[in-house]
Each structure stands twice: as structure tokens, then as C-alpha cells.
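Each chain is listed here by its residues.
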There are 2 protein chains.
Amino acid sequence: MLTKKDLKEYIDAGSSKIKADLAIINGTLINVDTSEYYKANIAIYKEKIVAVDTDISDYIDEHTKIIDAKNKYLSPGLIDCHIHVECSKLSMIRFAQAVLPHGTTSIVSGLDEYISVIGLTGLKEIFQEINNSPLKVFWGLPYKTPYTIPESTIAYDISGKDHQKIQSNPNCYGVWETVREAVQTKDESTIEALLEAQKNHKPILGCSPMTKGKQLNEFLMSGVRVDHESYDHEELLEKARKGLHVVIRESAVTKFLNENIKALTEKTPGISRHVSFCSDDVSARYILDNGHIDRMIKLAINAGVSPMEAIQMATINGAEANEIDNQVGSIAPGKDADILIIDQPGKFNIETVISKGKLIEENSKEIFEYKIPKRSNKLVHTINLNHVKAENFKYHVSLKDGSAKVQTISSVGPFVRKRKDVTLKVKNGVVEPNIEKDVAAVSVLERYGINGNISKGFISGWSFKKGAIATSAAPDDNNIVVAGVNYDDMALAVNTLIDNNGGQVVVIDGKIISLIQLPVAGIASDLEPQELAKQEIRLDDAAKKIGSQLPDPIFYLSFLPITAIPDLAITDGGNVDYTQLKYFDPILELNS
Amino acid sequence: MLTKKDLKEYIDAGSSKIKADLAIINGTLINVDTSEYYKANIAIYKEKIVAVDTDISDYIDEHTKIIDAKNKYLSPGLIDCHIHVECSKLSMIRFAQAVLPHGTTSIVSGLDEYISVIGLTGLKEIFQEINNSPLKVFWGLPYKTPYTIPESTIAYDISGKDHQKIQSNPNCYGVWETVREAVQTKDESTIEALLEAQKNHKPILGCSPMTKGKQLNEFLMSGVRVDHESYDHEELLEKARKGLHVVIRESAVTKFLNENIKALTEKTPGISRHVSFCSDDVSARYILDNGHIDRMIKLAINAGVSPMEAIQMATINGAEANEIDNQVGSIAPGKDADILIIDQPGKFNIETVISKGKLIEENSKEIFEYKIPKRSNKLVHTINLNHVKAENFKYHVSLKDGSAKVQTISSVGPFVRKRKDVTLKVKNGVVEPNIEKDVAAVSVLERYGINGNISKGFISGWSFKKGAIATSAAPDDNNIVVAGVNYDDMALAVNTLIDNNGGQVVVIDGKIISLIQLPVAGIASDLEPQELAKQEIRLDDAAKKIGSQLPDPIFYLSFLPITAIPDLAITDGGNVDYTQLKYFDPILELNS
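Residues numbered from 1 in each chain as written. Chains lettered and ligands numbered in written order. Predicted model: local features only at pLDDT ≥ 70, side-chain atom pairs only at ≥ 80, totals over all residues. Heavy atoms only, no water.

- In the annotation of an unreviewed UniProt entry, chain A is listed under the name Adenine deaminase and assigned to Candidatus Gallilactobacillus intestinavium.
- What UniProt records for chain A under Sequence similarities (unreviewed entry) is the sentence "Belongs to the metallo-dependent hydrolases superfamily. Adenine deaminase family."
- As recorded by UniProt, the Catalytic activity (unreviewed entry) comment attached to chain A reads in full: "adenine + H2O + H(+) = hypoxanthine + NH4(+)". (UniProt positions renumbered as here; feature names shortened; annotations may be inferred.)

1. Focus on the sheet that holds strand β5 (residues 48–53) of chain B
In a beta sheet, neighbouring strands pair by backbone hydrogen bonds and run either parallel or antiparallel.
Residues and elements named next belong to chain B.
Next, step 1: Pairing within the open sheet is mixed, and its 4 strands lie in the order β5-β4-β1-β6. Looking at which strands have only one partner, the edges of the open sheet turn out to be β5 and β6 (65–68). Each strand of the sheet is rotated relative to its neighbour by a mean of 20 degrees, with strand direction disregarded. (Pairing = 2+ DSSP bridges. Helix = DSSP H or I, 4+ residues; strand = E, 2+ residues; numbered from the N terminus. Axes fitted to C-alpha atoms, helices over the stretch in contact; angles between N-to-C directions.)

2. Section: the interface of chain B and chain A
Next, step 1: Contact residues are listed per partner, giving 69 residues for chain B and 69 residues for chain A.
Next, step 2: Carbon and sulfur atoms supply 53% of the area that chain B and chain A bury against each other, a total of about 6,200 Å² over both sides.
Next, step 3: Among the ionic pairs, Glu188 of chain B bridges to Lys4 of chain A, the shortest N-O distance being 2.9 Å.
Next, step 4: For the pair chain B and chain A, the number of links is 40 residue pairs in polar contact (both at pLDDT 80 or more).
Next, step 5: Among the elements of the structure, α1 (4–14), β3 (36–39), β5, β11 (172–179), α6 (188–200), α7 (213–220), α8 (233–241) and α14 (316–321) of chain B are those that each provide at least two residues to the side of chain B that touches chain A.
Next, step 6: Along the lines of polarity and charge, the residues of the side of chain B that touches chain A split into 25 nonpolar, 20 polar and 24 charged. (Contact = heavy atoms within 4.5 Å. Buried area = accessible area lost by both parts, 1.4 Å probe. Salt bridge = Lys/Arg side-chain N within 4 Å of Asp/Glu carboxyl O. Polar contact = N/O pair within 3.5 Å; in protein donor to acceptor, adjacent residues only side chain to side chain. Nonpolar A, V, L, I, M, F, W, Y, C, P; charged D, E, K, R; others polar.)

3. Some remarks on the relation of the copies chain B and chain A
Next, step 1: Overlaying chain B with chain A gives an RMSD of 0.1 Å, the required rotation being 180 degrees about an axis along which the chain moves by 0.0 Å. Both chain copies can therefore be described as sitting about a two-fold axis.
Next, step 2: When you check the interface residues of chain B against chain A, 100% turn up at the interface there too, and the contact is symmetric in its surfaces. (Least-squares fit on C-alpha atoms with pLDDT ≥ 70 in both.)

4. Details of the packing of aromatic side chains
Next, step 1: Summed over all chains, the structure comprises 24 aromatic pairs over all chains.
Next, step 2: Ring geometry for Tyr143 of chain A and Tyr147 of chain A: centres 5.8 Å apart, planes at 10 degrees, overall stacked.
Next, step 3: When its relative accessible area of 3% is taken as the criterion, Tyr143 of chain A is described as buried.
Next, step 4: Judged by its relative accessible area of 15%, Tyr147 of chain A is buried.
Next, step 5: Cluster of aromatic residues (ring-pair linked, three or more members): Phe415, Phe555 and Phe559 of chain A.
Next, step 6: Against the face of Tyr10 of chain B rests Lys48 of chain B, its NZ or CZ located 6.0 Å from the ring centre.
Next, step 7: Positioned over the ring face of Tyr38 of chain A is Arg241 of chain B, at 4.6 Å from the centre of the ring. (Phe/Tyr/Trp six-rings, centres within 6.5 Å; stacked < 30°, edge-to-face > 60°. Buried < 20%, exposed > 50% of the residue type's maximum accessible area, 1.4 Å probe, protein only. Lys NZ or Arg CZ within 6 Å of the ring centre and 35° of its normal.)

5. Some details on the UniProt feature "domain: Adenine deaminase C-terminal" (unreviewed entry) in chain A
Next, step 1: Summarizing the sequence annotation, UniProt attributes the feature "domain: Adenine deaminase C-terminal" (unreviewed entry) to residues 416–580 of chain A in the numbering used throughout.
Next, step 2: Note that residues 416–580 of chain A is 22% helix and 35% strand, and that its end C-alpha atoms are spaced 16 Å apart.

See below:
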């Protein structure tokens, strides 16, 4: 927030009474407000653009740093319209370091994973980190937490009352990720959040994958403004036609751009102004290998969208969708100085990055010094759990020896889990996982010291041959998820995470094969993106050593507690049937 | 504001569990969100659109009223992005009656003229009137009042403190008409209003006529989002390029459309999405003769803009500019049911008007019954002034007989007033107006019972031959302005307004020739628009009988106290020199 002094200073900088700190000269402006390219010089004072004109000589004195952008183009900083930063396992400052070289200067985020661990009060520390980072975060208060149905256990439940208290705060930019089902069921707390948003004129950000026709109409009555998840271009087009700002999602696992973009390239070019981009969830590795929103620009251009429109989708369109265009989204006086110097619009190779008026990258070299904040004890000691034993994971039944017909959660893809019924041996009163039948044991352990829940179930389709894997980073509740075919290894995996204040681990035959420490809230790391990416590769390799043939078993594991993924899930509360939104008992039959 | 019950009901109406009240079938939708025309049926429940689909049969039962729009087009209701309703002299409900047949269903307004008379507390009664009217008003709290420099006397001064108290209210949609000069001078109260807007994420609506280059940059540092006044298309284009939402003004007196639109038709078609329309000030007569925002659509099409783009400027663009597009601006589920049935986009002749889900006009016939609210005493007794005498208007000087060199305010046009020095006779210690030299006397009388100010000065260029004219409707302070060449007639004119609780009057030789009563706050009338228009014509004719050769002398008179019009003005505080923002003494020299 600006102070009176700040604002007066900026007014004086706008009139050139105070001279610019930084000037970019000789470049060609990509004016996303007017869809034009023309030569312009830019003057910057502190964090803001103060002039964009042919002649900015009045703004310059001997203290002004000059950047020559001859033969280059000037793009606004890019916006990720929907991202769970925490899913990258990078801390906020390290995520900034990963995406800024790719031109992302603003993100819209709910920080919901942090909230699940440290609550709304703990978020203050994260906001401090954000304020000292060159990456801007436009925060939306989650419509409610936990997201799970039935509700799992997290450190803090957000209700309508929180919206009444917090939503009007300057740092709250909307209601985060309101899911269609919560509107459909007229969930009391969600209704309160929606009414509060109407009162505060804050945008409602929605989540309604695979929603069309009457279901879409019903959802739209909530007042939702933005939606970030369409599975095909017909869905995207219908949403745009019905007034939604539609965001195309292209994440590490969910690649919708090439399909979604057909809504423009094959159907209706006119929807362009209400289309923007998001990544939703990405890993350090994915960003380093592929890029971020800059990659979406390239993909869109490859698909036949004009460079101007593709850049607008990554800048002004997303800013307008999220009602943050008074601050970001284009290069204009009064807006934040988030500017990229690129080779040319059609290629979009980023050479220099300026964010919040600071030089971050210059000629593809990191200039900004990313400083890791001192973390409070509260933030780095978030596993409130005693050591466990193999016994804790054994599925006990009333039968001593025989067999059990078991409903397993069979992973078909990262976002599809089907029911698969398998007969397993019962030995000494315990249902045993079975390597031949490809069934492993799974548990979710409540880790906030609230109720000590340890749920138990079975998964199939993972081809485990030995050992166990575990993670404390597991949206949406970030309890500890562990899976394996060896109960002792499962215990060691969980105890390792407890001892390390969180992380992801692979254990085989009593040995820790690979470990990523995630001490920040048990979900994020302060490692440099490159280093984290290396550790991720090692962890993945280790996970393959236990025999898993899934492309990314740790990722699959971490998403097991998300009850919004069809058809089955498991939370600390138990095994969940998404189709019924109810718990189910995995033991279907016992036979002696 | 919706209640929980309302919202739940709308959700059920969206899913068709509750059936529609109204359906419009067989029409062609003008989809301003996607720039498409296609066949669609619309279902409406209470005040909102609940479905826009090919098949809406599930939404209809025997109670649903059906409107057949075969061979017709369906346009969103139109938006006037900047209008001082009070300048029309129509009360809020009568203004609705005037503009709704022309398709205007939403306006953005500061209600600033009302505030000058009845303060912010008095505004509650006006909001009640608005809530019962089918015309929606998106209200912005004026950045400060009075607007005049030096400050004139009004009933209530708005300061930064009011912004801190009121701006976060749900019915406040932004900061109204922030003038460039207040930013330039870093006026303390204005700075507070701007910072508060940043805190509340409310749009800052600006006013910066004839502003380019560095002055524009300076103004933009305020965070201003919208500007409604560009004198030429170069100015408009520069503002759009610098990120402003630009509004083209076409009022009764200020016709900017044909010039401003060249920014699109001759320069940069790409600015279109950030261009919208306003009328700023209109009279009943003007609306009846010319139309309102519908006329601007036609003018834009005539100038070469495509019908789709012209309609977007009158709907979604203005909604987005003012951040009211979650509620209005396009035909989509969840939005207000503001729908026009027209002949075709290129002609834009309106046949049927639906606003807030109510049928207002059907086949060009008025259906809605406009009810005049019972007015409180406070609202209809706002002239707090005792009867005056001729003596009150005489300009006394220290000289008994001789001549005075006088600085007169010479009206060149409605928005240009120049200095003209004239020598007048002094008789018995009084400076006399002079018919031959075309100089009349003028006074502004403070009418809120605050200080009893009566200022005195001289105007030229009006060609008065006899009598006097007076008005209590006179933005921005709405004190009583009277001018004439006969002091007795001036007194009678003012006393007539006092006796009638406000109005506009022409007096000749002790007789009231014509009077419009304006009892609502002394500035507005509850007469039907047609009747008020007739009275306006009669009043104008009467004003011509006193010899005035100005096209609209009452209008010129009412604008005399506006200190923002160059070069000279007169308020209750005295004669004002705009170029110096100071009072001046009209008596330059006395010669015996």
C-alpha cells in the first residue's frame, strides 16, 4: 500500500519534477491496450512507470540508469492467473527465482496450501516474504477450506465468517477457486463468501471443469467471474459466450492449451479479449525445462494465434479478468514497472526482466539477489506427530486367516482413479498388500496434532515391488501420505518426514534411498530451483527403483487425498467415494 | 444487495428447479462478450438472466411470460458511463422515464448536485428512489466537494474522511470525477480519497479535458482508470495508449463523438475495447429530440465503426471500464436482465426494453408505471433564504457619480468566458449595468443558510434589453444565480424562486414571464419529460424576450459558477479568475 508521501512523490515523478531511476530507450512498445507496436521510451521511478513517450528527456538526469533496447521489443510482465505455488515445492522466493527469468512478474494465488498448514494468521509471514520478493502475488481468500468432501483435517478451516472479516482487506483480491459443487449444494459457508464478495465488489474466481449447459447456468448464478479449467474448446467457448473470463490451463500434468485454443483458431476469434493463461501447478523441473507463461505464448502462436493476441492473453486479459489491471497488465504511466525486453513478439525470447522497477535479469543473466527470509519456528516445525511403527499401517480385520475382497483405488492417470476390486490374503488378522496383484497399502496421517487420524486403504496400478514412498506435501490438506508394500518401510518413510519437518522420501528395505527436505510448512523448500529439480529427478529415479511404472509416482501419491478427483480418494478421515461424496469401507467381503 | 435466500433462489433458477418468470424466444443474440451474432433464447427469473441457450424448455412452465423476438436482435441494455442526472432537471425517476425508451438501463453517476444541496445524509432518500426505479445507478463518491476553487458555499463538503467512512460501502462504485488539477496540486483531501480507493480496490473515475504528455503522465500516477472528456481524437488516442478507459462524451452542448471516433476510424481500430460512451449532461428536450446512448451507437456506425463494436462501446466496454461488468454489460446467466429487442444492429431502433427483469417498453409503448415517491420536507424545502430587495444586487462603490472601469465576464460560448473591460456609469454610488454596452449585473446568492453570501459582478455578451433571469439549479454549487439589467426584476426573480422552493424564471418589468418549478432539492422536477421539455421551450422563448441572443441563456447562467470553465466565473464567494484560481475585484478604476 502506498503512503501519502509515496503517492505525492509518484505524482511529482509523473510530471518529471522528480527524475527517473531507470529508463528504457529505443525499444518498440508492445501496446497490449491498443494492439499496437510503436517506438517508445519508458521512464521508471521506484516501482512504477512514470512516462511512456517518444521524448522522455525531461525525466532523465545523471542518476538515471539507461537501458538501450534498440532492435528489441518491450512487453508487459506476464501474469499467471491461477497457480498453487506450493505445488512446485519451491518457497515463495524460490518460485519467484524460477519464473521471473521466464517473464512472469505477477501471479494470482490462494496460498491455500500454506493456509492448510499454518492457518490465516500464519500467512502473515508468507505475505512478508512476498512483499520482499520481486514477484507480485494477488491473493484470493479461498472460498472455504478444507476443500475435501467429507472434510479432512487441516490446521485451519476457512468459513464465511473469515470472509466477512478478511475479504475487505486491501491484500485480498477476490474469492479463490470457488468450486461448482459448493454452489450446487448451496453450502452455507460458500453462500456467505459469495455474498460478501458482492458486498466488497471482489471478483469470484471459479473452478468448474467439465461444466456446460444447465450446470453452467446454475454455477454462473453465484456471480463467478473467472474460470480456469476447461477440458475442451467447446466448454471454453460456452463459458466465454456466457460471460466468463476463461483461463487456459497448461500445467506440468494438464496440457489444455492446444485443445482449448481451438475455440479461437477454429471457432470464434472474438472471444480473445476474455481469454488468459494459467499454469495451476508446476514443478521446478517443469519450469526449468519448458518455461512458464512465456511457453504458453509460444504455444498459442504456434497454434495460429497472432503474437499480439497471445501476448494480450498473457498480460492485459488476465489483468482485466482478475480486476488487477489498474496495477498490472500493460506498459503505461501509473502502472507497476513490470517490463520484459524480448527479441520479437513472434518468438518471445526474453532477454531482460524488470519487475517492480527492479532489474531482475539482464541479457539472460540473473541480476537480482534472492534472499531467503529468516523462517520462524512456527513455519518450519509443522509436523505435530509422534514416531510411528509398522503396526500403525496394518489393516486389521476380524478374520484371522483367509482372504478379503478389497475395493482398491486404482490410479489410471494423475486425475482419474477408478474402483478396482481385488482379493487379498488375510494373515494373522491383517489384510496384506500383494505385489503380484499390484496392490499396495496406503495411509494418510493427520499431522497438525488435532485428532491423530491415520486412515488406511489400498491402491493398485502402481506396480510397487518393494519399499515405500511418503510425502508431507499433499494438496489439499497436506497431511502425510504414505504408500508401500512393506509396513516397516512405510513407518521409516513417515518417521523420516517427521524428523525432517516434512519432505518427500523413498525407502527400500530399511534404507532411505532418496529424500527431499521440505521444511517450509512441510511443503516447500528454500533450495534453488535448479537444485530442487535435481533432487526431484533423484527422487523419481528412486521411486522407480521400488518398481513403480507410473511416470511420477510421488506426484500421484500427493494428489491421492484430493476428493475432487474422480472417482476415489483417501484422506486422513478415510477412503472417499467422489461419486457419492461419502466415505467407503475398502473391505467388501471376508472369507475364511 | 442479495440476501442468502435470494442467492439460493437464483441458483435454483439457474438449474431450472425454479421456473422463469419471463422468456424471450427466437431472437438473435448480440453477444458483446464474444463479438458474435447467433440465435438464442433467454430465460429470466426476477431481476436476473438465468439461461441463454438454444433450448430453454426446462426453464419454462405455464406461468412463464413468453416474448417472441422472431426476426429481431437482442442487445444488452445500454450504459451511460458519466452523467450528472440533475443537469437534466428531471428527478431520478423521471430521468429513468426519459432514457429507458432509448435503451439506457444503467448509468454511472456521482449524484454530486444532490449532495451539494442535501449532503450525504440526504442522499439516502435519493437512493430509495433509485432502488424503486428500473434505471440502475452505479454511484461514485465525488473525490471532494465543492469542486470550485476558491471554494464556494454548499450544504455539505466532502473530504477524505468521508471517503474513509463511505467508500467501502457496497453502493459506492468508485471515486467520481477526480479532476486533474486536484491531483496536480496534490490536494490533501483528494490524496486521501485516492489512497482509500487503492485500499478498497475501487476505480478512480477521472476528468482531464485537454490533457496530454507530461500533464497526462502526472495525472495517471493518481491511479485514475477512466476518463470521460477528450476534446480531440489525438487526446483520446494518447489516453487509450496510456492505459485509460476512454469515454466519448456527446451531450446536449458538447458534441465530441464525430471528432473522438477518428481515433478508431482513422488511427487505431485496436483501441475499441477500451472505448465507451457517456452523455455527461443532457436536457429532457435533448433526449426527446435526439435520443441518448442509442444515438451515440448510430453516430458511431455512421462514422464507420462496425455495429458490433459500436454496441460494445455502449455496453460491455463501459461496464468493464467502470468495473460493473459482473452485473451488467452483456446478456449472460447471472447478469441483470437488462435486454433490448431491436430491429437490427446496424440501425439500432429499439422496440422493447426489459430492465431489472421488468418489461418497461413493449413495441415502443410505455408499459412500466413510473411512480413519483413521496418527497420529504427536507428534500423539497431547500431554499434557506429570506426575500431580497433590489438593493441587494446594486454594486456600491466609494464614488458618488462618475464612471468605473469594470472587468466583466464575457460569455463567448457555454464553456468559454473571457475578460472584457468596459467603462460603466456610476450613479448615486452604484455601478450601473448598460444595455448599449451589453453589460448586465449578476449575483450569486448562497441558499443553504450558512453565511448569507451575495456576490456581485458584471457579465457581457448576453444582449439583455430588459428584465432578469434566475436559476437555483446551477452546478456545481446550486446556489441561486441571477442576472439582469433591472435590479427590481432581479429581486422579483430571486423571490419567485424562494417562494417556489427553487426553479428557473424570467421576469420582465415586474412580471413573471415564465417559470419552471424545480422543487426537488431546488434543482429537479417531477414533471413528465415531455412536459418539462415544453416548459423549457417556453422558458427559452421568454429569455429571448429580454433580448438575449445567446442560444440558451438559462443554461449559460447556470454554468456561470463553475470555476473549472476558463477564464472567469462567479460563485457566492465572488468573481473568480480561473487562470489564477483566485477571486478578482471587478472594479478596476473609479473616475469622477
